[in-house]
Amino acid sequence: MTMQKQPNIILITTDQQRFDTLPPYAPSFLRTPHINHLMRDGVTFDKAYSCSPICVAARASIITGKFPRTTKILANQNTSLTIGHKNTLPSCLRECGYQTAAIGKMHFGPERVRHGFDEMIIPSDYYIEMNKNGYPLKPMQHGLGQNELYPGMATVPENMTLTNWIANQCVSYIRDRRDPSLPFFLWCSFSKPHPPLDPPEPYYSMYRNCPIPKPIFGDWSENDVPIPMKRHRESWSEDIIPPEIIREARAAYYGLITQIDYNIGRIFAALQDFKMFNETLIIFTSDHGDFLGDHHTGSKQFFHDPSARIPFIIRFPKSWQNRRFGERLDHLVTHADIMPTLIAAAGGKIPEDCEGENIIDYLNGKLKNPRKYLEATIGDVLCEKPYVNYLGITDGTFKYIWYPEGPSEQLFDLKNDPKELKNIAKLKKYSETKKVLKSELIRREKARGGLFLSSDGNLIALPPLNDSEKERRSKPWPGYHTEYFQVDVRH
């Protein structure tokens, strides 16, 4: 593929959207016509993963083109600790002559840091506007926290929700605020379907009477749960939420996704009004997924597919020669690939320290060494005593996860067991597969200095903390915040 001129670029991200909310994995009743349009007119990467399935770590990877272990952001931490304003995605595109805007949830820290964007409008601006407009109805007045797996309903009508407002701001940018003489890069970042699971009507009722898929439970998820995962789900008491509530939560989650999709249609319409839709390069993805009760767990963080596997679609301008479209590929991709791909599309020079792959080169057969593996982890390497909850690696066919505390390990055959129902780490039949993946994980850890290797060169093993279930359940984090909170976590 070759471009004719610098395209306008839109990166559309959602927050906490599972891979199986889009065809062919989604329930047949789930309505996503505009994202489906992108899939038919673009290239869908079926093996896309978040290398650190949590909000800030994923976004840090997007704006730097680097893996989380390099950015050192492995959790919801202050991005300014390791990321500045130079050699970021927006700053590199500005050097290519682009105007840049970020609209929606960024989760940068501190809240107003721009990391190179010319313009940034975030959810805080929405809540300020809603507090000043004099309307008797106010958003987020239902009392649900930002991490709770419980369904609710928006306390404002659809046209006053944050999702609608983000779309409005993007439409306004396209229509009113951009310089028409320059190409633009717009990051449209929806804050849903991240909890609170509070869609407005008609989306609240849209799927309540549909055959909602039930959670899946691996044979390991009852009595062979890795300690960090057990601690997480017990701390948040996700494992004791009644199934009827999980069902309603999933129906609300689907409603939020359709609301986003329909609002994406408004952004497409704004582009079409200016005859720009066909020539705009569009990437659609999410920062991570959500267990939604799978394996008796909620939220994200871990490397299982409901949590870490994400949608990833690229729609190229129609004028590009030999344009690729209507394809579904199994190549492993991740957030770090967005920056080099977009800089290449803009005709710029990719920074030498950029670790992601240029997907355009991959599609053109020019990538010298296409990746064979992707790693994932969650933890903190900036604190006094660095730690990780797990170290994971996949080749797209198998997935290996090492949990230092315990220790314990998991191996999944993604081809024959795509729902990760059976942990085959102890089966002799797969001992060589496990050895290959574990050895690759050790090799990579050693190349980074061996922070999580023991003195004998193996992956670090730690004794259990031995905190009780009672203690864990007394330490939840439901995400209690009002609309006045000063961090970009109000969804």
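Note: the structure precedes this text.
No experiment lies behind these values; they were computed from the predicted model shown. (Residues numbered from 1 in each chain as written. Predicted model: local features only at pLDDT ≥ 70, side-chain atom pairs only at ≥ 80, totals over all residues. Heavy atoms only, no water.)

Asks: Explain the overall build of the protein to me, please; I cannot follow it from the model alone.
Replies: Across its full length, the protein holds 14 helices and 12 strands. Its C-alpha atoms give the protein a radius of gyration of 22 Å, within 12% of the compact-globule value 23 Å for 491 residues. Each principal axis of the C-alpha distribution contributes one length, and for the protein these read about 60 × 55 × 45 Å. Residues classed as buried in the protein amount to 62% of the 491 residues present. Contacts in the protein between residues at least 24 apart in sequence constitute 74% of all its contacts with a sequence separation of at least 6. As displayed, the protein has an accessible area near 19,600 Å², and 52% of this comes from carbon and sulfur atoms. Charge separation in the protein, taken as the distance between the mean sites of 61 positive and 57 negative side-chain charges, equals 3 Å. (Helix = DSSP H or I, 4+ residues; strand = E, 2+ residues; numbered from the N terminus. Rg over C-alpha atoms; globule rule 2.2 N^0.38 Å. Buried < 20%, exposed > 50% of the residue type's maximum accessible area, 1.4 Å probe, protein only. Contact = heavy atoms within 4.5 Å. Areas by Shrake-Rupley, 256 points an atom, 1.4 Å probe, with all protein chains shown as cover. Lys, Arg positive; Asp, Glu negative; His and termini not counted. Charge placed at Lys NZ, Arg CZ, Asp CG, Glu CD.)

Asks: Which parts of the structure should I look at to understand helix H13 (residues 431-447)?
Replies: What sets the pattern is the α-helix's 3.6 residues per turn: residues three or four places apart point alike. Helix length check: H13, at 17 residues, gives a terminal C-alpha distance of 24 Å against a target of 24 Å (1.5 Å per residue), a fit within 8%. All of the buried residues along H13 are Lys434, Leu437, Glu440, Leu441, Ile442 and Glu445. Those residues of H13 hidden inside the fold are in contact with helix H3 (68-71), strand S9 (374-380), strand S10 (387-394), strand S11 (398-403) and strand S12 (408-413). One or two positions beyond H13, positive phi appears at Gly449, with a value near 110 degrees. (Expected span 1.5 Å × (residues − 1).)

Asks: Would you take a moment to explain the sheet that holds S12 for this structure?
Replies: Strand pairing in a sheet relies on backbone hydrogen bonds, with the paired strands running either antiparallel or parallel. Pairing is antiparallel in the open sheet, where 4 strands are placed in the order S9-S10-S11-S12. Either end of the sheet is taken by a strand with one partner, and the two such strands are S9 and S12. Recorded for the sheet is a direction-independent mean angle of 10 degrees between the axes of neighbouring strands. Pairing analysis gives 7 bridges linking S9 to S10, with the strands arranged antiparallel. (Pairing = 2+ DSSP bridges. Axes fitted to C-alpha atoms, helices over the stretch in contact; angles between N-to-C directions.)

Asks: Explain the pairing of S10 here, please?
Replies: Two faces make up the sheet, and in a regular strand the side chains alternate between them. For S10, the tally of buried residues reaches 6 of 8 residues, placing the bulk of the element in the interior. Hairpin geometry of S9 and S10 is characterised by an intervening segment of 6 residues between the two adjacent antiparallel strands. As judged from the 4 bridges shared by S10 and S11, these two strands associate in the antiparallel manner. Bridging across to S11, Leu391 finds its partner in Trp402.

Asks: When you look at the sheet that holds strand S5 (residues 184-193) in this model, what are you seeing that I'm missing?
Replies: Spatial ordering of the open sheet is given by S4-S3-S5-S1-S6-S7-S2-S8, a layout of 8 strands whose pairing is mixed. Each edge of the open sheet is held by one strand with a lone partner, namely strand S4 (119-121) and strand S8 (327-333). Averaged over all adjacent pairs, the angle separating strand axes in this sheet is 15 degrees, with direction ignored. In the sheet, strand S2 (residues 43-48) pairs with S8 via 5 bridges, with the strands oriented parallel. Paired with Ala48 across the strands is Val333, a residue of S8. Along the sheet face, helix H1 (residues 33-41) touches S2, strand S6 (280-286), strand S7 (312-315) and S8 and points at about 65 degrees away from the line of S7.

Asks: Is there a simple way to think about unusual backbone geometry in this case?
Replies: For residues that are not glycine, phi is negative in most cases, and the peptide bond is trans in most cases. Residue Pro110 is bonded to the preceding Gly109 through a cis peptide linkage, with omega at 0 degrees. In this model, Gly406 is joined to Pro407 through a cis peptide bond whose omega is -15 degrees. Tracing the sequence through the fold places Pro407 in the loop between S11 and S12. With phi around 50 degrees, Leu292 is a residue other than glycine that occupies positive phi space. When you line up the elements, Leu292 lands in the loop between S6 and helix H10 (305-308). On the basis of relative accessible area, Leu292 is assigned to the buried category, the value being 2%. Even without being a glycine, Gln301 presents a positive backbone phi close to 85 degrees.

Asks: Would you mind going over the pattern of salt bridges with me for this structure?
Replies: A side chain with one charge can pair with a side chain of the opposite charge if their charged atoms come near. Under the counting rule described, the total for this entry stands at 40 salt bridges. Between Arg315 and Asp41 there is a salt bridge whose closest N-O contact spans 3.1 Å. On the criterion of sequence distance, the pair formed by Arg315 in strand S7 and Asp41 in helix H1 is long-range, its members being 274 residues apart. Judged by its relative accessible area of 8%, Asp41 falls in the buried class. Residues Asp125 and Arg112 are paired through a salt bridge, measuring 2.9 Å at the closest nitrogen-oxygen approach. Highlighted residues: Asp125 in helix H5 (residues 123-132) and Arg112 in the loop between strand S3 (99-104) and S4, separated in sequence by 13 residues. Classification of Asp125 as partly exposed rests on a relative accessible area of 22%. Overall, Arg112 belongs to the partly exposed group, its relative accessible area being 41%. (Salt bridge = Lys/Arg side-chain N within 4 Å of Asp/Glu carboxyl O.)

Worth remembering: the numbers are spatial, not functional.
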